Amino acid sequence: MSPEPSGVDLARQALIAAREAAKKNGGTQTKKPKRRTGTLARRDGREPLGLGAAIGMMMTERGMVAPAAGGSVLAQCRRPPPSAA
């Protein structure tokens, strides 16, 4: 005589029975839903933007203009020091 199942064994049997019942009732998905691969180009403030695009939009909204002569901090640092006269 085998002991009656209890605890984990009962849970395992209940899970197997529920899965079989779901298969009979069509409760399982046969194929995975498709992932969205296309990007929706909405610019109403709810879609994430890249850093460059966000800064560009901010500058446009505030009427800011980027300097025409592009320079960098490194270009300014490489100048010879002013002569001490």
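As the structure is a prediction and not an experimental result, all values here were calculated from the model.

Rules used throughout
Residues numbered from 1 in each chain as written. Predicted model: local features only at pLDDT ≥ 70, side-chain atom pairs only at ≥ 80, totals over all residues. Heavy atoms only, no water. Helix = DSSP H or I, 4+ residues; strand = E, 2+ residues; numbered from the N terminus. Buried < 20%, exposed > 50% of the residue type's maximum accessible area, 1.4 Å probe, protein only. Areas by Shrake-Rupley, 256 points an atom, 1.4 Å probe, with all protein chains shown as cover. Salt bridge = Lys/Arg side-chain N within 4 Å of Asp/Glu carboxyl O. pLDDT = per-residue confidence, 0-100. Patch = residues over 30% accessible without salt bridge, like charges linked within 9 Å, V, L, I, M, F, W, Y side chains within 5 Å. Expected span 1.5 Å × (residues − 1).

K.L.:
Would you mind going over the overall build of the protein chain with me for this structure?
P.N.:
Helices and strands together make up the secondary structure of the protein chain, namely three helices and zero strands. Helices and strands appear in the protein chain in the N-to-C order α-α-α. Buried residues in the protein chain amount to 0% of all 85 residues. Carbon together with sulfur atoms contributes 58% to the accessible area of the protein chain, which is approximately 8800 Å² in total.

K.L.:
What's the story with the pattern of salt bridges in this structure? I'm lost.
P.N.:
Oppositely charged side chains are able to pair whenever their charged atoms sit close together. Applying the stated criterion across every chain yields a total of one salt bridge. As a salt-bridge pair, Arg12 and Asp9 come within 3.6 Å of each other at their nearest N and O atoms. In this pair, Arg12 and Asp9 both sit in helix 1 (residues 8-25), three residues apart, roughly one turn of the helix. For Arg12, a relative accessible area of 48% puts it in the partly exposed group. The partly exposed category is assigned to Asp9, whose relative accessible area is 38%.

K.L.:
Which parts of the structure should I look at to understand the confidence of the model for the protein chain?
P.N.:
Do not read the fine detail of predicted coordinates wherever pLDDT is low. On average, the protein chain scores 76 in pLDDT, and the residues at 70 or more come to 64%. Looking at the elements of the protein chain, mean pLDDT is at its lowest for helix 3 (residues 73-77), recorded as 65, and at its highest for helix 1, recorded as 90.

K.L.:
Honestly, a nonpolar patch on the surface in this entry has me stumped. Any pointers?
P.N.:
Together, Leu51, Ile55, Met58 and Met64 line one region of the surface with nonpolar side chains, adding up to about 380 Å² of accessible area. Looking at Met58, the relative accessible area reads 32%, which means it is partly exposed.

K.L.:
Sorry, what's going on with helix 1 here?
P.N.:
Two residues of an α-helix separated by three or four positions point the same way, owing to the 3.6 residues in each turn. Between the first and last C-alpha of helix 1 there are 26 Å, a value that for 18 residues agrees with the 26 Å anticipated at 1.5 Å per step. After helix 1 finishes, the residue Gly26 shows a positive phi value of roughly 75°.

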